[in-house]
There are 4 protein chains.
Amino acid sequence: MKLWDKGCNVNKEIEKFTVGNDYLLDQNLVKYDCAASIAHAKMLNKIGVLTKDELDEAVKKLNEIMEKGVEINPEDEDCHTAIENALGEVGKKIHTARSRNDQVMVALRLYEKSELTEIMELLKELAKVLKKDVKVPIPGYTHMQKAMPTDVKTWLKCYSDSAEDNLEILESVLKLINKSPLGSAAGFGVPVFDIDKEMTAKEMGFEKPIENPIHAQLTRGKYESNILNALTQIMFDLNKLSSDLILYNMPEFGFVSLPKEFCTGSSIMPQKKNPDVLELIRAKYHVVLAEEFKIKNIISNLISGYHRDFQETKEPVMKSIEITKACLKMMILIIKNLKINEKNCKKAMTKELYATEEVYKLVKGGMPFRDAYKKVGLKFKKLKTESSDSPSPFLGS
Amino acid sequence: MKLWDKGCNVNKEIEKFTVGNDYLLDQNLVKYDCAASIAHAKMLNKIGVLTKDELDEAVKKLNEIMEKGVEINPEDEDCHTAIENALGEVGKKIHTARSRNDQVMVALRLYEKSELTEIMELLKELAKVLKKDVKVPIPGYTHMQKAMPTDVKTWLKCYSDSAEDNLEILESVLKLINKSPLGSAAGFGVPVFDIDKEMTAKEMGFEKPIENPIHAQLTRGKYESNILNALTQIMFDLNKLSSDLILYNMPEFGFVSLPKEFCTGSSIMPQKKNPDVLELIRAKYHVVLAEEFKIKNIISNLISGYHRDFQETKEPVMKSIEITKACLKMMILIIKNLKINEKNCKKAMTKELYATEEVYKLVKGGMPFRDAYKKVGLKFKKLKTESSDSPSPFLGS
Amino acid sequence: MKLWDKGCNVNKEIEKFTVGNDYLLDQNLVKYDCAASIAHAKMLNKIGVLTKDELDEAVKKLNEIMEKGVEINPEDEDCHTAIENALGEVGKKIHTARSRNDQVMVALRLYEKSELTEIMELLKELAKVLKKDVKVPIPGYTHMQKAMPTDVKTWLKCYSDSAEDNLEILESVLKLINKSPLGSAAGFGVPVFDIDKEMTAKEMGFEKPIENPIHAQLTRGKYESNILNALTQIMFDLNKLSSDLILYNMPEFGFVSLPKEFCTGSSIMPQKKNPDVLELIRAKYHVVLAEEFKIKNIISNLISGYHRDFQETKEPVMKSIEITKACLKMMILIIKNLKINEKNCKKAMTKELYATEEVYKLVKGGMPFRDAYKKVGLKFKKLKTESSDSPSPFLGS
Amino acid sequence: MKLWDKGCNVNKEIEKFTVGNDYLLDQNLVKYDCAASIAHAKMLNKIGVLTKDELDEAVKKLNEIMEKGVEINPEDEDCHTAIENALGEVGKKIHTARSRNDQVMVALRLYEKSELTEIMELLKELAKVLKKDVKVPIPGYTHMQKAMPTDVKTWLKCYSDSAEDNLEILESVLKLINKSPLGSAAGFGVPVFDIDKEMTAKEMGFEKPIENPIHAQLTRGKYESNILNALTQIMFDLNKLSSDLILYNMPEFGFVSLPKEFCTGSSIMPQKKNPDVLELIRAKYHVVLAEEFKIKNIISNLISGYHRDFQETKEPVMKSIEITKACLKMMILIIKNLKINEKNCKKAMTKELYATEEVYKLVKGGMPFRDAYKKVGLKFKKLKTESSDSPSPFLGS
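A quick note: this is a predicted structure, and the numbers were derived from the prediction, not measured.

Enquirer: Hey, could you run me through the packing of helix α13 (residues 314–337) of chain C against helix α1 (residues 12–19) of chain D in this one?
Expert: Between two packed helices, the angle of one axis relative to the other and the distance separating the axes together describe the packing. Look at α13(C) against α1(D): their axes get within 11 Å of each other, and the N-to-C directions meet at 140 degrees. Classed by the angle they form, the pair α13(C) and α1(D) counts as oblique. Relative to α1(D), α13(C) is oriented so that their crossing is left-handed. Mapping the contact onto sequence places C:A326, C:C327, C:M330 and C:L333 in α13(C) and D:E13, D:I14 and D:F17 in α1(D). Considered class by class, the residues forming the contact of α13(C) with α1(D) number 6 nonpolar, no polar and 1 charged.

Enquirer: In this structure, what is going on with the environment of B:V277? I would like to understand it.
Expert: Structurally, B:V277 can be placed in helix α12 (residues 276–298). Judged by its relative accessible area of 0%, B:V277 falls in the buried class. For the pair formed by B:V277 and B:M330, sequence separation is 53 residues and the distance between their alpha carbons is 7.9 Å. Those residues in contact with B:V277 that sit more than four places away from it in its chain are A:I14, A:F17, A:T18, B:F262, B:M330 and B:I334.

Enquirer: Hey, could you run me through the interface of chain D and chain A in this one?
Expert: Size of an interface: often given as the accessible area lost when the parts come together. Chain D puts 99 residues into the contact, and the matching count from chain A is 101 residues. Between chain D and chain A, a total of about 8600 Å² is buried, with carbon and sulfur atoms accounting for 60% of that surface. Area buried by chain D at its contact with chain A is led by D:I303, D:Y360 and D:R370, which between them contribute 8% of it. Taken together, chain D and chain A are joined by 14 salt bridges. For D:D371, the salt bridge identified is with A:K92, shortest N-O distance 3.2 Å.

Enquirer: For this particular structure, what's the right way to read the interface of chain A and chain B?
Expert: Counting residues at the interface gives 55 residues for chain A and 55 residues for chain B. Buried surface at the junction of chain A and chain B, both sides included, amounts to about 5000 Å², of which 66% is carbon and sulfur. Inspection of the region where chain A meets chain B yields 10 salt bridges. Residue A:R282 is joined to B:D309 by a salt bridge in which the shortest nitrogen-to-oxygen separation is 2.8 Å. At the junction of chain A with chain B, the criterion picks out 12 residue pairs in polar contact (both at pLDDT 80 or more). Of all the secondary structure elements, the ones that give two or more residues to the side of chain A that touches chain B are α1 (12–19), α12 (276–298) and α13 (314–337) of chain A. Among the elements that make up the side of chain A that touches chain B, the one with the highest residue count is α12(A) (15 residues). Taken together, the residues that form the side of chain A that touches chain B break down as 24 nonpolar, 13 polar and 18 charged.

Enquirer: What am I meant to see in the relation of the copies chain D and chain A here?
Expert: Between the two copies of the chain lies a rotation about an axis combined with a shift along it. The two copies are related by a screw motion: chain D maps onto chain A through a turn of 180 degrees and a shift of 0.0 Å along the axis, at an RMSD of 0.0 Å. The two molecules are tied by a two-fold rotation axis, judged by turn and shift. Within chain D, the C-alpha atom positioned nearest to the axis of rotation is that of D:S172, 3.2 Å from it. Most of the interface of chain D is mirrored in chain A: 100% of its interface residues are interface residues there too.

Enquirer: Would you explain the relation of the copies chain A and chain B in this entry?
Expert: Structural alignment of chain A on chain B gives an RMSD of 0.0 Å, achieved by rotating through 180 degrees and translating 0.0 Å along the axis. Same-surface contact between copies: 98% of interface residues of chain A are shared with the interface of chain B.

Enquirer: Honestly, the pairing of strand β2 (residues 145–151) of chain B in this entry has me stumped. Any pointers?
Expert: Taken residue by residue, a regular strand's side chains alternate between the two faces of the sheet. Residues and elements named next belong to chain B. Along β2, 6 of the 7 residues are buried, which leaves the element largely enclosed by surrounding structure. Examined bridge by bridge, strand β1 (residues 137–142) and β2 share 6 bridges and lie antiparallel to one another. Paired with P137 across the strands is D151, a residue of β2.

The rules behind these values
- Residues numbered from 1 in each chain as written.
- Chains lettered and ligands numbered in written order.
- Predicted model: local features only at pLDDT ≥ 70, side-chain atom pairs only at ≥ 80, totals over all residues.
- Heavy atoms only, no water.
- Axes fitted to C-alpha atoms, helices over the stretch in contact; angles between N-to-C directions.
- Helix = DSSP H or I, 4+ residues; strand = E, 2+ residues; numbered from the N terminus.
- Parallel < 35°, antiparallel > 145°, perpendicular 65-115°, else oblique.
- Left-handed = near helix turned anticlockwise from the far one by under 90°.
- Contact = heavy atoms within 4.5 Å.
- Nonpolar A, V, L, I, M, F, W, Y, C, P; charged D, E, K, R; others polar.
- Buried < 20%, exposed > 50% of the residue type's maximum accessible area, 1.4 Å probe, protein only.
- Buried area = accessible area lost by both parts, 1.4 Å probe.
- Salt bridge = Lys/Arg side-chain N within 4 Å of Asp/Glu carboxyl O.
- Polar contact = N/O pair within 3.5 Å; in protein donor to acceptor, adjacent residues only side chain to side chain.
- Least-squares fit on C-alpha atoms with pLDDT ≥ 70 in both.
- Pairing = 2+ DSSP bridges.

Below, the structure is given as structure tokens:
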């Protein structure tokens, strides 16, 4: 039975369409909805809506559901209904002074806090494994052309440092969303009852409640878009690191090798050892990014207050969190097992990488920079002309 | 067993990550992969790779799979492997002169052609139900302000006409993608065997094969992005029509009503009858749009030839097709059951809607347009000032 | 003086904000607005609003403006106002039976038709220069790993063929937008006067008028988003071709070289010759794509009829057209001057590229494909193990 | 003369294309590039590259340029070249131990810090003007249907509170970007010279330098994408507030009125008073959002190190900053001058808004919530049926 059932039947096709896959996604929220319901029940007891016995009954059943889970059927629409129904008689009272709007939001925020914390742990592990004390030199590229010398340690350390940036970004987001929306009800607060939002917020581990109920509704999707911005930052680094690894793993470079049990083959070409895992991580950046923009657009051009459109922001968040976690785990595994091919790296350290060094030595000797730059530049130009012009048969148009 | 299995084991976590949900999505492709495999088998028989008996065996089994389906396990990776394995001994020969790359692509294209054709039928039905001969007047709005008179028939007919535009767009896309990629193999054609791409293309109902194998690979994702552009065009119209209906269904306007069995309620407010179905259709535009941009970005900044990144373009296509079909069905149902509230419509036809008419009557009488415009404009300015200034207590800052 | 000036002053800051850079962008539309105004004037003469003398006067002045241009000041807001004011007395009559809404749209459509036609010419030229009869072999890559042999001719021909696809896409869009919106006025048609939309459509070279005035308004932004989808298709090919060229131009590959006068240098490293032009073309794909996305979102979640939001769709169209033309010109220049380094290409044709060929030869000799595949696969696996394991000192964790 | 000029001419068309509008955009950076150059010069003096006289000369000239500006011609490419050339003889030395890469980045970061600080001031002012002590009741809407009572104060306060969220987000971003990239040179650090990055960072007011030079390059575009995420958060609130105001300003609601000098008219309909300014603010959200998306895609799928693609991230940042500032200024002006129509607001407070209150009163009297909900629900259902069924002639299909 739906929470809003008043004895008139909704068209079955409409119902199926509006529920969508919410009843599946909501499995992620069951334990958080229970936790929020426990906090709410305690508050209802405090303000006299639930008796001590009703509270105990509710808390006992909610703890059971947290442990054993609950089946959510399409007819239930979502976890909130399934849980309310599972509570039996006390369920009929527990929805006092709240709405599904704030219930969905508070469960989501608890879920998000927990998941972001897990992602931070993975980020820290990645930052750690990236600190490899491998002083093997490799070329630094700009414009995909050899630029100046660097080394494997510096290269990988850059991603470790950037993971620190991402941790900083995640911390800000965690702080931003650490406010309880419970008590905003349908978005305009709770009349008649004198609810205690401070109490429920504290009970659930939030820093404080969101004061203004319309503000609480405004955060739906908006806070989530900040979470997704944080996740795209992480995925961006993985996208770039994958791009590096795919290139450096090419036999033409051979700076690194993936263990062969990390590679997949071709159905037609028996010689292939493909870095599919890296290509998929690279692609997943765009998946998460599109989910971010999905949310940012769904919530636009709408007046304040709840719209059912917001339901479509749930899947992007859950999907992006799953992807980010999976990709971080993959990258940790890859970096742990990555092989550095010292011989190939050293072979790649050709003369032009040291041109700037040569310039600077002239500057140290007293020549103004621009003059030294030109002098060395002309030397390299001459070298190139000699080596390339004569033997290679160009085929221009 | 994987198509590329050479007896070395892939790391289990890597394998799970790279397969993703492909084995689930591929249920959509089973019958199309079978159809393509039948065409390929016939061609292999023609060029002497398969005997008549082997061909008959393969065709018989593939027809059985088309009818009864096939189980795809994560270990299979995809439908192509599951089907090849299900074919038994002849399966070991049928992969001659093709690659999974062109096999995936050709199955996808057959699937897309079939789905787009189905969407065209739905669009035609929508265009039909939108032609309602209801001459009830309603205000035409610009800038969300009453502008000039229109009527229900003209209003709904605009979406019917726009559905014709969408049909035109879909037809162009169908024409664009109506080329068989089979024969491009891994993206560089088939050596040794003299395959007949014309034959397989014709056999599967394509207009012609894609000539250049690298071009065939380049269409992966690119053609799909064109399909998604066509779908976003359809979804855009549904987004706008939903926006119209949501506004006109507000009691403040009351031009239309949704039947109550199309509305859903609130968990807290017993009086509510919410147009959730319309809000979700509105939101789904952004979902499909984000999927379009996902594809368009996944395929960018990559050199020619296949990359595993392309796997991530499969779900956006399938998801967007499902959404578009579902939303079209919903909108057909809604329009069929929409009620027009004649009394409210007529009441809304206030004087200012006829201001331009008044101007034009003056012009007909010989006054230049700009002069007539100013004359009528001043009259309305005066009217407004009189009616609004005195009684309403403004609260400015 | 503004078209809607009724003697009350608009706040200066508001005015500046709402005009934005429209007065600058509109220089692109001047000649098309004149052409549309000539058609409209002829029609007004036919239905008796303008005398023959007034028509002659208007046509003469509009032709002058087409030739000499007109200054558009911020106070004018846009080209339409500047032109109406420049017409003097007859200008006061010419706005009869039209609105700025349909005037903007018709001028934009004429501009778009002209620009798309120019882009088609550039595409044809690109398709032509890409047909180079250079049979030099190069490796075909999948997953950024050597896959099978191909050659320069086939590689470049793929972009030529894809340019044909783009021409097909552009033609569909040109057909879609080839309908005159003139006569839709503010979006609800023209009362009092019996205008002849067929006549003006024909006069301006459109296939036909858009019948339904609300439909005409619905196409604003929507048709433009189709134009942008077509442009992103072109830019996508340029993005991929640039990616190919940037990689193949790396000394590590050296398959192609850009002439040195096409490269730019570094402020610090005197040896650098960077392919900036290719990197910028690559990046511009994302610029155009974001502009497409911008339009598709600006027009969403709005009821039918005109909204000022649509003004923001003008710049994305103009900007994307300019970028696409510039990038096409650059790529034509580059391809014309591209040098193919035959020696490097041939050196890259290593043994593993022929593995599939080896398999197929075994198949030809009677071995089933999967067995042959495994046999050759094991051989390559053995080769790799021997060559790589012993000498290179791996540095794993 | 370009910084990398070595006496070989670049093709003029290529040059024009690669420079683009950089030379125009860079006017925004002149003073920040001077500030960074002063810090760099002091450091060069400290490490012995510049004499005290040379330093004084450089500082004097740089201060002059900061004050009077400098002309940047297309041939200069950018402000960095224009300034180096304007410095004369000492300019030839000042580029020692830095690259344009880190010079562009440091100037951008200084510019961004300054602009974000300005935006924070505007946000604070907006938050202030939104705190209006207007206790006039208005309906709260969910699903665009009357839900529960609220009031003008609570409604506007929600945006004030949300502005506080935005300030928090901006502060995090400011903290994130408050690291000096100077010293990363071309992205791989400075050889030969022992530069003092701590000193220059401190001199320019950064918290600290970015340690790892490859990390510094990785932040290009990435940090900017965080800035744009912060700006889209601000623009999102303005988008929603505009949507509220556009609806409530409709005569059908009439809760608020814009002063008439804030409205614009129509070229055809003399009665119109359109809220263009609000529609444009609403649309600008999508502009900034697309610019964010642009940056996030431009920087993807690229290996570490500088690519010229990054140049295309400059305009999106500058444009989005300009838009956000302009929209904030507009909204401050609008809110300051907004009129609240008390009579209309009160008239809109119809009975159904109090249904939840009625339920809660029953609950207070001892009835379980779900039972009370159903009781009140049935009453409203009965009321609706009576009032709407008989008189209104429905026109279904």
